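# Report on the structure
Take a look at the letters that make up each chain.
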Amino acid sequence: MSKRGSSPAPDKEVSLQKDDKQRIADLEQQLHETELALRLSNGKLRMALDIGKLGTWEHNLETGEITGTTAFKGCLGLKPDAKLTHAELQAMLHPGDVERINQAVSYALRTKTDFNIEYRILKADGSIGHVHVRGGAIYEGNRPIRFVGVMQDIKERQKIREEMDQAQRRQEFLLKLNDQLSNIDDQYAIMEIAARNVSEFLKVDTAGYGEVYEERGVIIVEREWSWGLISNEGKVEKIDQHAGPILEALKGGQPAIINDVRTDSRLSDPALQTTFTTINVRSGFTVPLHKNGRFIAEFYVYSSVPRNWTSDEIALVEDVAERTWLAIEKVRAEVNLRETEARFKLIAESLPALVWIVKPNLELTYTNERWVTYSGLPPEKALGHSWTAAIHPDDWARMTEELKPVVANETPYTTEVRYRSAEGEYRWHIIRAAPVHNATTGEFKGWVGTSVDIHDLKMIEEALRTSEERLSLAQRAAGIGVFDWHVPSGKVMWTADQERLFGLEQGTFEGNFTGWAARVLPEDLDRANRAMAEAMARGDREINLSYRMRRPDGSIRTMDTTALFFYDEQGTPMRMVGVNIDITRYKEAERRQNLLIRELHHRVKNTLATVQAIVGSTARTASSIDEFYQGFVGRIVSLARTHNLLTEDLWQRADLQELVETELGPYEDEARNRILIDGPHVELPSEAAVPIGMAIHELTTNAAKHGALSTFGGQVEVRWHIEPGEERPTLQFTWTENGGPRVTNPARQGFGSRLLQRVLSAQLQAQVNMDFREEGLHFTMSMPMPGEPPLFNPDK
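Residues numbered from 1 in each chain as written. Predicted model: local features only at pLDDT ≥ 70, side-chain atom pairs only at ≥ 80, totals over all residues. Heavy atoms only, no water.

### Some details on the overall build of the chain
In terms of regular secondary structure, the chain is built from 20 helices and 29 strands. Taking the contacts inside the chain whose residues are at least 6 apart along the sequence as the reference set, 54% of them involve residues at least 24 apart. Surface accessibility of the chain: about 44800 Å² in total, with carbon and sulfur atoms responsible for 52%. (Helix = DSSP H or I, 4+ residues; strand = E, 2+ residues; numbered from the N terminus. Contact = heavy atoms within 4.5 Å. Areas by Shrake-Rupley, 256 points an atom, 1.4 Å probe, with all protein chains shown as cover.)

### A few points about the packing of aromatic side chains
For the structure shown, the criterion picks out 18 aromatic pairs. Ring centres of W371 and Y374 lie 6.3 Å apart, and the angle between their planes is 25°; on these two criteria the pair is classed as stacked. Taken together, the residues W371 and Y374, both in helix α10 (residues 369-375) and three residues apart, mark about one turn of the helix. Residue classification places Y374 among the buried positions, given a relative accessible area of 14%. A ring pair is formed by W494 and F502, whose centres lie 4.7 Å apart and whose planes are at 45°; its orientation type is tilted. Residue W494 is classed as buried on the basis of its relative accessible area of 10%. For F502, a relative accessible area of 0% gives the class buried. These aromatic residues form a ring-pair network of at least three members: W485, F513, W516 and Y547. The ring of W325 has K291 lying over it, and the distance from NZ or CZ to the ring centre is 4.5 Å. In this structure, R575 is placed above the aromatic ring of F566, and the distance from its NZ or CZ to the ring centre is 5.5 Å. (Phe/Tyr/Trp six-rings, centres within 6.5 Å; stacked < 30°, edge-to-face > 60°. Buried < 20%, exposed > 50% of the residue type's maximum accessible area, 1.4 Å probe, protein only. Lys NZ or Arg CZ within 6 Å of the ring centre and 35° of its normal.)

### Quick look at a nonpolar patch on the surface
A surface patch of nonpolar side chains, about 280 Å² in accessible area, is lined by I160, M164 and Y586. The class for Y586 is partly exposed, based on a relative accessible area of 37%. (Patch = residues over 30% accessible without salt bridge, like charges linked within 9 Å, V, L, I, M, F, W, Y side chains within 5 Å. Salt bridge = Lys/Arg side-chain N within 4 Å of Asp/Glu carboxyl O.)

### A closer look at the confidence of the model for the chain
The predicted model of the chain averages 81 in pLDDT, with 81% of residues at 70 or higher. Across residues 788-796, confidence stays below pLDDT 50; counting only partners more than four residues off in sequence or on other chains, it has 14 contacts. (pLDDT = per-residue confidence, 0-100.)

### Section: the nonpolar core
Among the nonpolar cores identified, the biggest contains 34 residues, and V198, F299 and V301 are the most heavily contacted of them. The set of elements that each furnish at least two residues to this core consists of α5 (155-182), α6 (187-202), β6 (206-213), β10 (283-291), β11 (294-303) and α9 (311-344). Per-element accounting of this core gives the leading share, ten residues, to α9. V301 has contacts with V198, L202, V204, T206, A207, S283, G284, F285, W309 and V317, leaving out every residue within four places of it along the chain. (Core = buried A, V, L, I, M, F, W, Y, C linked by side-chain atoms within 4.5 Å.)

### Here we look at the sheet that holds strand β19 (residues 542-550)
Each strand in a sheet pairs with its neighbour through backbone hydrogen bonds, running either in the same direction (parallel) or in the opposite one (antiparallel). If you trace the five strands from one edge of the open sheet to the other, you get β18-β17-β21-β20-β19, paired in antiparallel fashion. For this open sheet the edge positions go to β18 (491-494) and β19, each flanked by a neighbour on one side alone. When strand polarity is set aside, the average angle formed by the axes of neighbouring strands in this sheet is 25°. Seen against the sheet, helix α15 (residues 522-538) touches β17 (480-486), β19, β20 (556-567) and β21 (573-582) and runs at an angle of roughly 165° to β19. (Pairing = 2+ DSSP bridges. Axes fitted to C-alpha atoms, helices over the stretch in contact; angles between N-to-C directions.)

### Describing the pattern of salt bridges
Applying the stated criterion to the full structure yields 41 salt bridges. With a closest N to O distance of 3.3 Å, R100 and D97 form a salt bridge. With a relative accessible area of 5%, D97 lands in the buried category. One salt bridge in this structure joins D264 and R266, with 2.8 Å as the shortest N-O distance. Each of D395, R398, E402 and R418 takes part in salt bridges that share partners, so that together they form one network.

### Re the pairing of strand β5 (residues 143-153)
Taken together, the seven bridges between strand β1 (residues 54-60) and β5 define a ladder with antiparallel strand orientation. For E58, the partnering residue across the bridge sits in β5 and is V148. Taking the residues between adjacent antiparallel strands as the criterion, strand β4 (residues 128-140) and β5 are bridged by two residues, where G141 takes a positive phi near 70°.

### Describing the side chain of E298
In this structure, E298 sits in strand β11. Although E298 is buried, it forms no salt bridge, and the closest oppositely charged side chain is K235 at an N-O distance of 7.9 Å. Among all residues touching E298, those that are not within four sequence positions of it are G208, Y209, G210, V212, I219, H242, L250, T286, V287 and P288. (Lys, Arg positive; Asp, Glu negative; His and termini not counted.)

### A short note on helix α19 (residues 686-705)
Over its 20 residues, α19 runs 28 Å from end to end, which matches the ideal 28 Å to within 8%, given 1.5 Å per residue. Burial runs high along α19: 16 of the 20 residues are buried. (Expected span 1.5 Å × (residues − 1).)

### Side note on the pairing of β21
Across the ten residues of β21, seven count as buried, placing the element largely inside the fold. Sheet topology places β17 next to β21; seven bridges connect them, and they run antiparallel. By the bridge assignment, V482 is partnered in β21 with V579. Of the pairings in the sheet, the one linking β20 to β21 comprises nine bridges and is antiparallel in character.

### Some remarks on the environment of V98
Inspection of the secondary structure assignment puts V98 in helix α4 (residues 98-111). Put simply, V98 and Y119 are 21 residues apart on the chain and 8.6 Å apart in space, counted from C-alpha to C-alpha.

### Overview of the sheet that holds strand β26 (residues 730-738)
With mixed pairing, five strands are arranged side by side in an open sheet as β23-β25-β26-β28-β27. In the strand order of this sheet, the two ends are held by β23 (675-678) and β27 (767-773), each with one partner. Strand-to-strand, the axes of this sheet are offset by a mean angle of 10°, without reference to chain direction. Bridge analysis of β23 against strand β25 (residues 715-723) gives four bridges, and the strand direction is parallel. Opposite D678, over in β25, you have R719 as the bridge partner. Across the face of the sheet, helix α18 (residues 656-664) comes into contact with β23, β25 and β26 while running at roughly 170° to β25. Lying over the sheet, α19 contacts β26 and β28 (776-784), oriented at roughly 10° with respect to β26.

### Some remarks on α6
Because the α-helix completes a turn every 3.6 residues, residues three or four places apart line up on one side. Its 16 residues give α6 an end-to-end C-alpha distance of 23 Å, which sits within 8% of 22 Å, the value for a rise of 1.5 Å per residue. Q187, I190, M191, A194, A195, N197, V198, S199, F201 and L202 are the residues of α6 that are buried. Capping the start of α6 is the job of one residue whose side-chain oxygen sits 2.9 Å from the backbone nitrogen of Y188: D186. Where α6 ends, the next residue or the one after it, K203, has phi of about 55°, a positive value. (Polar contact = N/O pair within 3.5 Å; in protein donor to acceptor, adjacent residues only side chain to side chain.)

### Some points on the packing of α18 against α19
In the contact formed by α18 and α19, the axes pass within 9 Å of each other and the chain directions differ by 30°. In terms of orientation, α18 lies roughly parallel with respect to α19. The two elements α18 and α19 meet at a crossing, and its hand is right-handed. Side by side, α18 and α19 meet where L656, L659, V660, E663 and L664 of the first sit next to A689, I692, G693, I696, H697 and T700 of the second. Classifying every residue of the contact of α18 with α19 gives seven nonpolar, three polar and one charged. (Parallel < 35°, antiparallel > 145°, perpendicular 65-115°, else oblique. Left-handed = near helix turned anticlockwise from the far one by under 90°. Nonpolar A, V, L, I, M, F, W, Y, C, P; charged D, E, K, R; others polar.)

### Description of the side chain of T584
For T584, the position within the fold is in helix α16 (residues 584-621). Within the structure, T584 has its side chain in polar contact with the side chain of R557 (distance 3.4 Å). Only 2.6 Å separates the side chain of T584 from the side chain of D582, close enough to count as a polar contact. Residue contacts for T584: discarding those within four places in its chain leaves I556, R557 and T558.

Below, the structure written as C-alpha cells:
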C-alpha cells in the first residue's frame, strides 16, 4: 500500500540520512533482540533435549557421514568426538532388529512420512542397549538427501517393563503352585511338584526340598527333581557335608549362594570340588527354613553352568520353601487329625486320648491314664473337680457361661480350651462331650467325652493364616485382584482386592459371571467374551486380555487379565482362575504421549509452511533489502505473538480480543480515544488464530504507515459479533479507519492485500472485502467459526 513519489529535495537529504541512521540503529537493536531470542530458544531446546534424554542426529545420504549430539553418541556408547559413518552405525544394530528397522525406513521413504521405532544396539563396549528413534527424510524434489531425527536411551524403560513382566510371571507361578499344592494330600508329591516347578521356572538342572534333623546330624531329601541327571528316589546327606561357612549361613537363617563353584573361596577344598564335579554342579544356592528358632528344612537349586543369582530368584525360592513347608505340615496335620478321629471311635477301647466321664454337676468320675500322665496328678487326686484347675483361667471363665445352657438342657457340648500340663505348658485341646442316659430309665447320668490335643494344628492354622494375610497385602500393594470362575455354574469368587479394583464395597459383588459382565463396557464385553470362548474351544491353558470397565462412581478403568483354564478329563472347561491388574494410568500415559507427538508434528509443519509463505510473499513485494527485512521481521514477530497466545492457553486457542489488543495497543494515546475495540469473547483455534493474527498485523501496519494511525487525530474502530448459522455460527468482523490521510486505491497489491483477500478466503472460507473509502479504509470479513462449539461466549 506504499505510495511512490519523486526523489527528495537536497534540503531533505540530511533528514533522510538521520532517518537512515535511526533505522539502522533500530535494525541493529532488533537484530540484537532476535539473536537474544534465538539463543534463548536454543537454550530451551537444549534443556528440553536434556530433560527428555534426547540426542539429535543427521545422516548425509550423499557422503554417508552421520553427525549427532553428545547425547546421541552417548546412546551408542561412543565418545563425544567420535566419528560415525552409516556403515559403522549399521554394524551396531542388533542382528535381530535389522530387518524390522530397514522395513520401517523403507516405508517412511516410500510414503514420505516419519519412522518411529524401538530397537536394540550393540554398544561400543559390547553391551546391548535399547533406544527409541524417530526421524524423517529431507528431500530435494523427490530425492532424499539426508535423514534427521532424535534418539532416546530407553534402557530404564525397558528394564521397568522386564521387571513388571518378571513380577507378573512370578505371581502367576506362585498362584499356579498354590493351586497345585492345595489339591495334593501326599507330602512327598508336594515336595516333588514344588522342586519341579522351581526347576522349570528358574531353568535350573536340579531342585529339592530337604528336612533337617540336627539331633541326628542328617538332611533327608525324600524327593529331588532334576533333568534326568540324578535319581528322584531321595537321599540322606550329612549336615556337615556342607562347607563350614555355608552351614553357618544356613544355621543363621541366611541363604547360601554359590555363583561359581570353581571360583568360590569357601569351596576350595579338593574334596568339595570333586563332589560338585561328580554331581555336575557349577552354581546354585540354598535357602534355610527356621521355625521356633530351629533349622528345620532347606530348599536348594543347582545349575550345571556358572550363574549370578538375583535377589528376586532367591526371594522366590524362599517363598516356595515356606509354601512347601506349610503344605506338607497341613497334609501331615490332616493325617494326624484323621488318625485322631479314628481313635475317637475307639474311646471305649482305651485309645490314647484324654477320655473322661463327668456327672451332671461336672464332677469327674472316670479318666484314663493319659490324663494322669498329662496333668501330673496322682490317680487319687485326678478325679473330682480338680480338672477345672488345669484349664486356663480365661478359658474356664468362658466355659462357665457356655455350660449353663448345656447343663440345663442336657445337650452335647464341644469347645476348645487350654490344658496345663505337668510341665506347666498350656496346650490347646478340643473337648467333645455327649450326654449319657440310663438305657432303661432314661435318667440323665452326665457326659462322656474326650479332650484331644490340637495345639500343633492351631499353630499351623495361625501360620497359614499369616501367610495368606501377607499374600493379600502384597496383592493390595501391587493393585492385583484375584478371581475364580466356575464355568459350568457361572459362579465367580472375588477377593477383597478384586472388589476394591472394581470400586465395590467388600462383600457386595454378586458372585456370578453376570455381575462381572454388567460392569464391562459393552464395546469391550463382546470382544472379551469371544476371546475367552475361543480360548476354551481350543483348549488353551492360559489367556491374556484387557478391557475397560465402569466403576460405581462413573470412572472408567482399564484392566489387564491373566488367567489359567482348568478342564476335566473330557476337555470340558471347568474353571478360570486369574488376576486383574489396573493398567489405566499406563494406557492414559500412552495416549497422551501419542497425542503430544501428533500435535507437535502438526504444529511444526503448519509453522514452517506459514514462514515459507511469508518469506516468498515478502520477497516478491519488497523493493529493497531494507523493506524486505522490515516486512519479514514484523510478520515473524506477529506470528510469534500469536503463537505465544496459543501456547499460553491449555487448549491451544487464542482470544480474538487479545489478538487485536496486542497489535493496536501500542498506538493508543493517553486519552484512549484513538482505538475502539468492541465484541464478545471469541476463542480461535490455532488453524484460525495464525492467519487472523497475521491479517490484524497487516491492517495495523498499513494504518500506521499510510492510514488513520499515521496522523494525529486518526481513529480505528474494530468490531465483531457472532451470527447463528445453519451448520455453525458466523464471525462478522469489521475494521474501520477515520481521520487519517485521504485514501486512494493502491497502485499494486502487496503481501497484506493478498493475505487479507486470498489466505483468509482459502484457509478459513472467509468472505473478505476491502473498501478504500476516501475517509479511510473499511475492511469486512465474514467467516464460519472453525472447530466445535463452544468457541465463543457472548455473555463473557
